[in-house]
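# Commentary on secondary and tertiary structure
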Amino acid sequence: MIIAIEITYLISSILFILGIKYLGSPKTARKGNLYAAIGMFLAIAATLLDQQVLTFEWIIIGGLIGSIAGLIMAYKTPMTGMPQMVGMLNGFGGGASLLVALSEYFKKNPNYPVDQGAIFNLPIDQGVAIILSLLIGGITFTGSMIAFGKLQGLVTGKVVKYPLQHPFNALLVLLVLGAGAYVVMFPSMMALVLMITGVSLVLGVLLVLPIGGADMPVAISLLNSYSGIAGSMTGFVLGNNELIIAGALVGASGIILTNIMCKAMNRSLMNVVLGGWANAGSASTTSSTTSPKGDVKSIDSEELAMLLDSVGSVIIVPGYGMAVGQAQHAVRDLTNVLEKKGIKVRFAIHPVAGRMPGHMNVLLAEAQVSYDKLYAMEDINDDFNNTDVVIVIGANDVVNPAARHDQSSPIFGMPILNVDYAKTVIINKRSMSAGYAGIDNELFFYPNALMYFGDSKDAMTKLVNEIKNL
Amino acid sequence: MEEYLFLMHVYVFALAIFVGFELITKVPPTLHTPLMSGSNAISGITIVGAILSAGLEQFTISTILGLIAVAFAMINVVGGFLVTDRMLKMFKKK
């Protein structure tokens, strides 16, 4: 039986790997997800046959509660709410790892629940794995809940600063590691194990609270990675290879995404995690008062419709503003009316547009925009030169040319979409206010830039109607 | 024997990380959100540990922790796979 269970775990691990492999292309991605789901089903089935599992009522109750909650979340969450949903799922993964590690600790303790005066021998590797599961799982759980709160608007999306922030957090981490080392040597210190759990949960809150809204793509990716690593650590506690493999895959995935997000902002991970950009932003707003001022030209929907009537190519640049305004369907309608006129329409998507990796792509997919029209920054950046009109919808910092030439700008060096190279740039925004980095965008003052003010959804709907009425 | 087993686990962990890096660098940006939710569902594999705790013969604190862990991991598994499928269904080429 043990061999049958182990072989099932092996098959399940292979299905996870194949699943992620197939997730690499939009054509096979659904199949990949299905493979991974079958792998999970097999793993659960094999575990239920384990000889340790003797009672089923609690498993069934927990399983039912979780399944119903998961089902509701999966079908009730609107596509604009995906960052929150993913944030919350990360948290439950971390939470489960924490609970399993804690439970294993109690299971292995011979003096619990009844003190038998026995010696508690915990192999060092298992002790270390339990402590790390508690630490990473705890941080992931509460950190993800804070990230969820920020994305849902329940917790402030601003950068939160508190006195002695970094020394205090460093102290807490040292406290956990010190107490952890002690527990590894003297495993019967139950109070310390509970303290480590508590401090880890507090750390999650303190570490994510300072991170600002637009840095959420990094935070979510990093927490995704943590949830995987916590799973791997739990695998070490249980001595189960499948948990180690699955956790490592997820951990690697999160790290890669985190890295992509950081590169796209030209910032180090430390800088993002410590809530750094806002520092730079506030320091330079005073120095950048000399930034280019001048005339801002605006355009209304009727004029814009006429302008678009005679062009050959358009690139649309969506940003978080499109998600907030839920304008993806109106943007799809705009694409359709423009294409009907024979205009070539493409989308340029900056890696950190929105609140999580791939956020814009999912929204546009929901609005049934064909995915082959969506271009990553490096694939389209050279094409702005020979494009007639660029329409920027609710994006700001990622199209600020200051990133290319203004060494005093906090976003200097960040890769941007070169929208200013196009013949005309239309910028749809609600107002002239600054973007997340807290700096003015000199693009708005460029001679080839035209502001098209208004809520993204209203503005696009109006524009579509004007074009139809021409 | 104990040390040998532990080393085997480290071995598996290191190789799996490399496999993960190889596979995931090939995922295009357009699929990054489904990749996250899908990998989230996979990290629900902690359900294995949760079941081993919740299914103990005797009812102890481990059972309670296991019960909550089963619920948490199951949210991850069911929510993660279903929402990923819901998203991927929308990715169409015309």
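Nothing here was measured: the structure is a model prediction, and the numbers come from that model.

## A short note on the overall build of chain A
- Broken down by element type, chain A carries 18 helices and six strands.
- If you line up chain A on its principal axes, its C-alpha atoms span 85 × 50 × 35 Å.
- When burial is assessed residue by residue, chain A has 57% of its 470 residues classed as buried.
- Pairs at least 24 residues apart make up 77% of the contacts formed inside chain A by residues separated by at least 6 positions.
- Accessible surface, chain A: about 18,600 Å² in total, of which carbon and sulfur atoms supply 63%.
- A gap of 2 Å separates the mean positions of the 28 positive and 30 negative side-chain charges of chain A.

## Section: helix α7 (residues 190-208) of chain A
- Relative to the 27 Å expected for 19 residues at 1.5 Å per residue, α7 of chain A spans 28 Å between its end C-alpha atoms, a close match to the ideal helical length.
- Against α4 (82-108), α5 (124-152), α6 (165-185) and α8 (216-238) of chain A lie the buried residues of α7 of chain A.

## Remarks on the pattern of salt bridges
Residue and element names in this part refer to chain A.
- Considering all chains together, one arrives at 11 salt bridges over all chains under this definition.
- Across the pair Lys373 and Glu339 runs a salt bridge whose closest N-O atoms are separated by 3.4 Å. Of this pair, Lys373 sits in the loop between α15 (359-366) and β3 (374-376) while Glu339 is found in helix α14 (residues 328-340), placing the two residues 34 residues apart along the sequence.
- When the shortest N-O distance is used, the salt bridge between Arg404 and Asp420 registers 2.5 Å. Taken together, the residues Arg404 in helix α17 (residues 402-405) and Asp420 in the loop between α17 and β5 (424-429) connect sequence positions 16 residues apart.
- Overall, the relative accessible area of 31% leaves Arg404 in the partly exposed class.
- Taking the relative accessible area as the measure of exposure, Asp420 reaches 9% and is therefore buried.
- A network of salt bridges, in which partner residues are shared, links Glu104, Lys107 and Lys108.

## Some points on unusual backbone geometry
Residues and elements named next belong to chain A.
- Despite not being glycine, Asn266 shows a phi value in the positive range, around 55°.
- The topology assignment puts Asn266 in the loop between α9 (241-265) and α10 (269-273).
- Residues other than glycine seldom take positive phi values, yet Gln326 does so here, at roughly 50°.
- When its relative accessible area of 40% is taken as the criterion, Gln326 is described as partly exposed.

## Concerning the sheet that holds β5 of chain A
Residue and element names in this part refer to chain A.
- Strand order in the open sheet formed by six strands is β3-β2-β1-β4-β5-β6, with parallel pairing between adjacent strands. Edge positions in the sheet fall to β3 and β6 (449-453), since each has one partner strand and no second. The sheet shows a mean angle of 25° between the axes of neighbouring strands, direction not considered.
- Both strand β1 (residues 313-318) and strand β4 (residues 389-393) contribute to a ladder of five bridges, which runs parallel. Within β4, the position partnered with Ile315 by the bridge is Val390.
- The strands touched by α14 within the sheet are β1, β2 (344-349) and β4, with β2 carrying the most contacts at an inclination of about 145°.

## Describing the confidence of the model for chain A
- Confidence in the prediction for chain A averages 91 pLDDT; 96% of positions are at 70 or higher.
- Low confidence marks residues 278-290 of chain A, where pLDDT is under 50. Its contacts with residues over four positions away, or in another chain, come to nine contacts.

## Quick notes on the environment of Asp383 of chain A
Residue and element names in this part refer to chain A.
- Note on placement: Asp383 falls in the loop between α16 (377-380) and β4.
- Residue Asp383 is classed as partly exposed on the basis of its relative accessible area, which comes to 24%.
- Sequence separation between Asp383 and Ile299 is 84 residues; the distance between their C-alpha atoms is 24 Å.
- Of note is the side chain of Asp383, whose polar atom sits 2.8 Å from the side chain of Arg346.

## Concerning the interface of chain B and chain A
- Counting residues at the interface gives 79 residues for chain B and 104 residues for chain A.
- Here chain B and chain A share an interface that buries about 8,200 Å² over both sides, 76% of which is from carbon and sulfur atoms.
- Inspection of the chain B/chain A interface yields 20 residue pairs in polar contact (both at pLDDT 80 or more).
- Those elements giving two or more residues to the side of chain B that touches chain A turn out to be α1 (2-24), α2 (32-42), α3 (47-54) and α4 (61-90) of chain B.
- Tallied by class, the residues present in the side of chain B that touches chain A amount to 48 nonpolar, 22 polar and nine charged.

Cut-offs applied
- Counting from 1, residues in each chain are numbered in the order their sequence is written.
- Here chains are named by letter from A upward and ligands by number from 1 upward, in the order in which they appear as written.
- Local features are withheld for residues below a pLDDT of 70 in this predicted model, meaning they are given only at 70 or higher, and side-chain atom pairs are given and counted only at 80 or more; totals for whole chains, interfaces and linings count all residues.
- Excluding hydrogens and water, the side-chain figures rest on all heavy atoms present in the structure.
- Here a helix means four or more residues in a row that DSSP labels H or I, a strand means two or more in a row labelled E, and each is numbered from the N terminus.
- Working definition: with a 1.4 Å probe on protein chains only, accessible area under 20% of the residue-type maximum means buried, over 50% means exposed, and in between means partly exposed.
- A contact between two residues is defined here by any heavy atoms of the two lying within 4.5 Å.
- Areas reported as accessible are Shrake-Rupley estimates using a 1.4 Å probe. Residue values count occlusion only from the protein chains shown.
- Neither His nor the chain termini are counted; the positive set is Lys and Arg, and the negative set is Asp and Glu.
- To locate a charge, the coordinates of NZ of Lys, CZ of Arg, CG of Asp or CD of Glu are taken.
- A helix is expected to reach a length of 1.5 Å times the quantity of its residues less one.
- In what follows, salt bridge is the name for a side-chain nitrogen of Lys or Arg lying within 4 Å of a carboxyl oxygen of Asp or Glu.
- At least two bridges found by DSSP between two strands is the condition for calling them paired.
- With axes taken as lines fitted to C-alpha atoms, and helix axes fitted only over the stretch in contact, angles between N-to-C directions fall between 0 and 180 degrees.
- Confidence scores labelled pLDDT are given residue by residue by the predictor and lie between 0 and 100.
- Polar contacts here mean pairs of N or O atoms no more than 3.5 Å apart (in protein, one a potential hydrogen donor and the other a potential acceptor; neighbouring residues in sequence count only if both atoms are side-chain atoms).
- Computed with a 1.4 Å rolling probe, the buried area is the accessible surface lost when two parts are put together, summed over both parts.
- Under the scheme applied, nonpolar residues are Ala, Val, Leu, Ile, Met, Phe, Trp, Tyr, Cys and Pro; charged residues are Asp, Glu, Lys and Arg; polar residues are all the others, including Gly.

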